[in-house]
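Each chain is listed here by its residues.
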Amino acid sequence: MKNIIKPSFKQKFKPRKSKNPSENNDLKLTSQMYFCLLIFQLLNLATLVIQLHLLYLLFATFALALQFIVHLNIARKGALVSRLSQSIKSYVRPKILPPWLMLLLAISGSVAIAVAGQTLGLLLSMMHLLCFAYSLKMFEIPRRKDLYQLVVLGIFVATSSLIFIQSIYFSLAVIVLVFGNLMILLNLFAPTMAVLAQAKLVAKLGLYSVPLAVALFVGFPKLSPFWQVPSVESAKVGLSDSVKIGDIAQLALSDELAFRVSFQNSNPEHAQLYWRAMVLDDFDGVTWRQSRRDLSQNSQSGQSGQNAQSSYGSATLEQANSSADIELRGTGLSYQVIAEPSFQSWLFALDFATSEQGNIGQRDDFALFYRGIISQTLSYQVTSYPAAKMSATLPDATRALNLLLSTDNNPKLLAKGQQLRQQYPDDRQLINQVLTELNEENYYYTLQPPRLNNNSLDQFYFDTRAGFCEHYASSFTYLMRAAGIPARMVVGYLGGEFNLSGNYLSVYQRNAHAWSEVWLPNSGWQRIDPTAAVDPERVERGFSTSLMQEYDNLSSGLFSLQPLHAMWWYKQVKMQIDAIDYQWTRWVIGYTGEKQSRVMAQLLASLKEGKNILYFLLILAGATLLFYGYKVVKGKAKGKAEDKIKALYLKTLKLMAQHQLVKARSMTAQQFADVIATARPELSANFCAISNGFAQLSYQNFADDINQQERAKQLIKLQLSYRQLRWQLWLAKLGIG
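Residues numbered from 1 in each chain as written. Predicted model: local features only at pLDDT ≥ 70, side-chain atom pairs only at ≥ 80, totals over all residues. Heavy atoms only, no water.

Glancing now at the packing of helix α14 (residues 411-423) against helix α15 (residues 427-440). At a minimum axis distance of 10 Å, the contact between α14 and α15 shows a crossing angle of 130°. When the axes of α14 and α15 are compared, the pair comes out oblique. Taken as a pair, α14 and α15 cross one another with a handedness that is right-handed. On α15, the residues that touch Lys416, Leu420 and Arg421 of α14 are Asp427, Leu430, Gln433, Val434 and Glu437. A breakdown of the residues in the contact of α14 with α15 according to their chemical character gives 3 nonpolar, 1 polar and 4 charged. (Axes fitted to C-alpha atoms, helices over the stretch in contact; angles between N-to-C directions. Helix = DSSP H or I, 4+ residues; strand = E, 2+ residues; numbered from the N terminus. Parallel < 35°, antiparallel > 145°, perpendicular 65-115°, else oblique. Left-handed = near helix turned anticlockwise from the far one by under 90°. Contact = heavy atoms within 4.5 Å. Nonpolar A, V, L, I, M, F, W, Y, C, P; charged D, E, K, R; others polar.)

Right, dumping it as structure tokens:
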């Protein structure tokens with residue numbers, strides 16, 4: 001006889017393990033859900049498409065296409081099955097890539113990102129690692145927690161794009177995209193909920209988080225980023241620290257925004273808006289550059305924001321008053337500048353500029369610079385003194401630097417300068433004579449100058465006589481040096497476009513300009529713009545009529561939107577949109593750590609006064625009362641809906657009692673519905689609809705917003721069922737039914 005081993009108590013009641021664990025635990029989603037995940041992954045990655053490397057973009061595109069094809073085939077087969085079974089099937093995600101290949105991709109991709117980190121920088125390396133994990137995670141979502149991780153990764157990817165682009169319209173698009181990602185999670189928990197109800201619930205939760213977000217934005221300390229600027233050399237835009245003939249003319253066709261300015265009082269005239277950026281005093285016969293000393297300082301700025309241009313002084317008003325090179329005269333002109341990311345260090349200001357911000361310094365050529373790299377929108381406050389005297393006395397080293405020129409490239413200009421010096425011993429007379437020649441002789445201002453051999457200034461000045469601002473500024477500066485007058489070339493921007501809706505000035509890359517500065521005894525550095533002699537309209541109003549026509553011709557083409565840009569309504573709409581974006585940039589993006597410190601200091605100082613504390617408590621109490629009143633009104637509305645449903649059910653019971661169908665007190669609603677279905681089956685459909693609707697909407701616990709929406713819909717259906725039921729009973733009483 002075989003021994004019978006009885007199982008112990010624990011073994012008897014131990015749950016049986018499934019041979020295939022994935023039978024009950026694997027996540028099953030519909031094809032629509034998988035397609036939504038793929039679409040949102042595409043949209044999330046699209047927010048960073050400008051910053052991502054081409055190789056990763058190719059990998060992400062291939063991964064999305066492969067998954068889309070696989071799920072499309074499954075969806076087609078599922079559609080055929082659903083037609084036969086009248087149901088929509090969910091399915092477990094197929095294993096598109098084998099585990100060993102996934103591991104190989106993860107390791108090789110991480111190593112590739114680490115190797116490319118030296119060129120990408122820390123920030124972009126982190127972005128690529130995040131996006132790479134996001135792409136791989138889409139291949140492996142067997143359980144709910146994996147789906148949560150996938151959606152959270154998508155939200156991180158979308159919001160990370162705000163590091164690079166911070167306009168109000170892009171920010172709104174990212175917010176909508178985040179809400180879409182959250183709706184995917186909500187659909188997982190409530191798949192039967194209507195899309196409109198899902199959107200309403202997500203928007204409601206988002207509005208609940210707004211007060212906390214505002215409080216954190218205003219009061220939470222703003223920390224400096226710990227990463228380095230990504231791809232500084234390749235990301236530089238706008239003006240460069242070296243200018244050759246034709247460089248600025250290329251910027252004249254760019255509509256890219258450089259910076260915006262808001263003046264505190266009145267707006268200056270266009271001819272006074274010379275926005276100084278850099279001083280170029282080293283000329284090798286072809287290219288103007290900053291002096292070697294400046295270049296060495298600039299190279300340091302690309303490596304360390306803290307030590308950038310440390311040998312230069314601060315730009316404070318106290319420093320200007322104590323400097324022997326500056327004599328402040330007249331009233332200061334205060335304004336705020338919001339510079340777009342240029343991945344450079346120089347700033348823009350009117351002469352002579354001062355700033356009290358600690359992260360702004362001033363070179364010895366009076367140009368402002370940022371102690372670091374402008375990788376994000378930068379807001380700074382400036383006060384300029386247009387009547388200030390700069391460098392009444394000139395050091396010997398500076399004089400020698402600004403008289404240095406090459407005699408090999410432009411011998412004709414050298415000879416002309418020496419000839420002018422012999423004819424005009426007075427510097428001012430010599431300058432006026434050159435400007436008179438430029439005005440009276442056949443010199444032309446054009447965006448399409450003839451090509452010069454080796455950027456020869458001689459060929460331009462004596463032969464072609466057609467050029468842009470850098471042609472005239474370069475030739476004039478060279479001629480002044482040849483005549484023994486210290487001179488240098490300044491590059492920056494001229495003018496701008498006033499936005500009447502926002503009362504600010506927009507300066508675009510097409511406003512890039514070059515002019516000269518000459519040093520005169522007892523007067524210091526004086527701005528001389530030879531462009532004003534050739535084309536006065538360019539300085540007084542911007543592009544002249546002929547230059548604007550030339551700009552339109554160069555900007556037009558088969559797919560050009562230039563005709564649209566010329567329409568009045570388009571200009572008005574664009575002005576309004578730009579004004580909204582400017583206010584967003586000024587008050588939100590421009591809310592720096594220094595501004596936060598000032599705001600919090602003012603807030604604490606005001607709270608120390610008893611009167612302000614009382615106001616604060618009254619505002620808090622008022623907000624609490626409003627919230628409580630809203631809840632009370634909402635509760636009453638909900639109660640009214642329930643009362644109407646209950647009243648309709650009681651009215652239905654009274655109608656049934658009139659026809660000898662009486663509900664006993666001991667019966668539940670479902671029991672009485674079963675009685676009606678047995679006794680009067682022709683009335684069962686309408687009566688059961690009313691009974692089931694009453695039971696569902698009166699006893700089930702839904703979210704408040706779902707309750708209200710469902711109650712409104714069900715109430716209409718119940719009222720229709722009641723009318724049909726009454727009609728059936730009336731016909732039956734007449735013996736017609």
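Peptide bonds are, in most cases, trans, and in most cases residues other than glycine have a negative phi. Residue Phe352 is reached from Asp351 by a cis peptide bond, and omega for that bond is -20°. Despite not being glycine, Phe343 shows a phi value in the positive range, around 55°. Note that Phe343 resides in the loop between β10 (333-339) and β11 (353-354). One non-glycine residue, Phe366, lies in positive phi territory at about 75°. Secondary-structure assignment places Phe366 in the loop between β12 (360-362) and β13 (368-370).

The strand order across the open sheet formed by 4 strands is β5-β18-β21-β22, and the pairing between neighbours is antiparallel. Of all the strands in the sheet, the pair left with one neighbour each is β5 (274-280) and β22 (524-528). Shown here is a sheet whose adjacent strand axes are inclined to one another by a mean of 35°, direction ignored. Here strand β21 (residues 512-520) runs beside β22; their pairing, made up of 5 bridges, is antiparallel. Looking at the pairing, Glu517 lines up with Arg527 of β22. Against the sheet, α15 touches β21 and β22, its axis set at about 150° to β21. Each of β18 (487-494), β21 and β22 touches helix α17 (residues 469-482); the most contacted strand, β21, lies at about 15° to it. (Pairing = 2+ DSSP bridges.)

Turning next to the packing of helix α3 (residues 31-46) against helix α5 (residues 99-137). At their nearest, the axes of α3 and α5 sit 11 Å apart, and the two run at 170° to each other. The angle between α3 and α5 falls in the class roughly antiparallel. Together, Phe40, Gln41, Asn44 and Leu45 of α3 and Cys131, Tyr134 and Ser135 of α5 make up the contact between the two elements. For the contact of α3 with α5, the per-class residue count stands at 4 nonpolar, 3 polar and no charged.

This part covers the pattern of salt bridges. This structure, assessed with the given rule, holds 14 salt bridges. One salt bridge in this structure joins Glu441 and Arg465, with 3.0 Å as the shortest N-O distance. You can see Glu441 sitting in the loop between α15 and β16 (444-445) and its partner Arg465 sitting in the loop between α16 (457-464) and β17 (466-467), a full 24 residues away along the chain. Judged by its relative accessible area of 33%, Glu441 is partly exposed. (Salt bridge = Lys/Arg side-chain N within 4 Å of Asp/Glu carboxyl O. Buried < 20%, exposed > 50% of the residue type's maximum accessible area, 1.4 Å probe, protein only.)

This next bit is on the pairing of strand β14 (residues 378-384). Extensive coverage of β14 is indicated by the burial of 6 of its 7 residues. With 7 bridges connecting them, β10 and β14 associate as antiparallel partners. By the bridge assignment for β14, Ser334 is matched with Thr383.

Time to look at the packing of aromatic side chains. Evaluated as defined, the whole model comprises 24 aromatic pairs. When the centroid spacing of 5.3 Å and the interplanar angle of 55° are considered together, the rings of Phe35 and Phe68 count as tilted. Of the two residues, Phe35 is situated in helix α3 and Phe68 in helix α4 (residues 54-85); the sequence distance between them amounts to 33 residues. Accessibility expressed as a relative area gives 41% for Phe68, which makes it partly exposed. Arranged with centres 5.8 Å apart and planes meeting at 80°, the rings of Trp275 and Tyr335 form a pair that is edge-to-face. Of this pair, Trp275 sits in strand β5 while Tyr335 sits in strand β10; the two residues are 60 residues apart in sequence, bridging distant segments of the chain. Three or more aromatic residues joined by ring pairs make a cluster, and in this case those are Tyr443, Tyr445, Phe460, Tyr461, Phe462, Phe468 and Tyr472. It is Arg510 that lies over the ring of Tyr508; its NZ or CZ is 4.5 Å from the centre. (Phe/Tyr/Trp six-rings, centres within 6.5 Å; stacked < 30°, edge-to-face > 60°. Lys NZ or Arg CZ within 6 Å of the ring centre and 35° of its normal.)

The next point concerns the nonpolar core. In summary, soluble globular proteins display a tendency toward joint burial of nonpolar side chains. Among the nonpolar cores identified, the biggest contains 76 residues, and Phe259, Trp275 and Tyr335 are the most heavily contacted of them. Per-element tally for this core: the top contributor is α17, with 8 residues. Dropping the residues within four chain positions of it, Phe259 is found in contact with Trp275, Val337, Ile338, Ala339, Glu340, Phe348, Tyr493, Leu505, Ser506 and Val507. (Core = buried A, V, L, I, M, F, W, Y, C linked by side-chain atoms within 4.5 Å.)

Our focus in this paragraph is the confidence of the model for the protein. Residues with a pLDDT of 70 or more make up 81% of the protein, whose mean pLDDT is 80. Considering only residues more than four positions removed or in separate chains, one finds that residues 228-234, a stretch of pLDDT under 50, has 16 contacts. Across residues 294-311, confidence stays below pLDDT 50; counting only partners more than four residues off in sequence or on other chains, it has 29 contacts. (pLDDT = per-residue confidence, 0-100.)

This part covers a nonpolar patch on the surface. Taken together, the side chains of Leu207, Val210, Val214, Phe217, Val218 and Val599 make up a nonpolar region of the molecular surface, amounting to roughly 450 Å² of accessible area. The greatest single-element share of the nonpolar patch, amounting to 5 residues, is contributed by helix α8 (residues 195-219). Take Leu207: it is sitting in helix α8. Of the residues examined, Leu207 reaches a relative accessible area of 60% and is grouped as exposed. (Patch = residues over 30% accessible without salt bridge, like charges linked within 9 Å, V, L, I, M, F, W, Y side chains within 5 Å. Areas by Shrake-Rupley, 256 points an atom, 1.4 Å probe, with all protein chains shown as cover.)

Here we have 6 strands laid out as an open sheet, ordered β11-β14-β10-β4-β20-β19, and antiparallel in their pairing. At either margin of the open sheet sits one strand with a lone partner, and together these are β11 and β19 (497-499).

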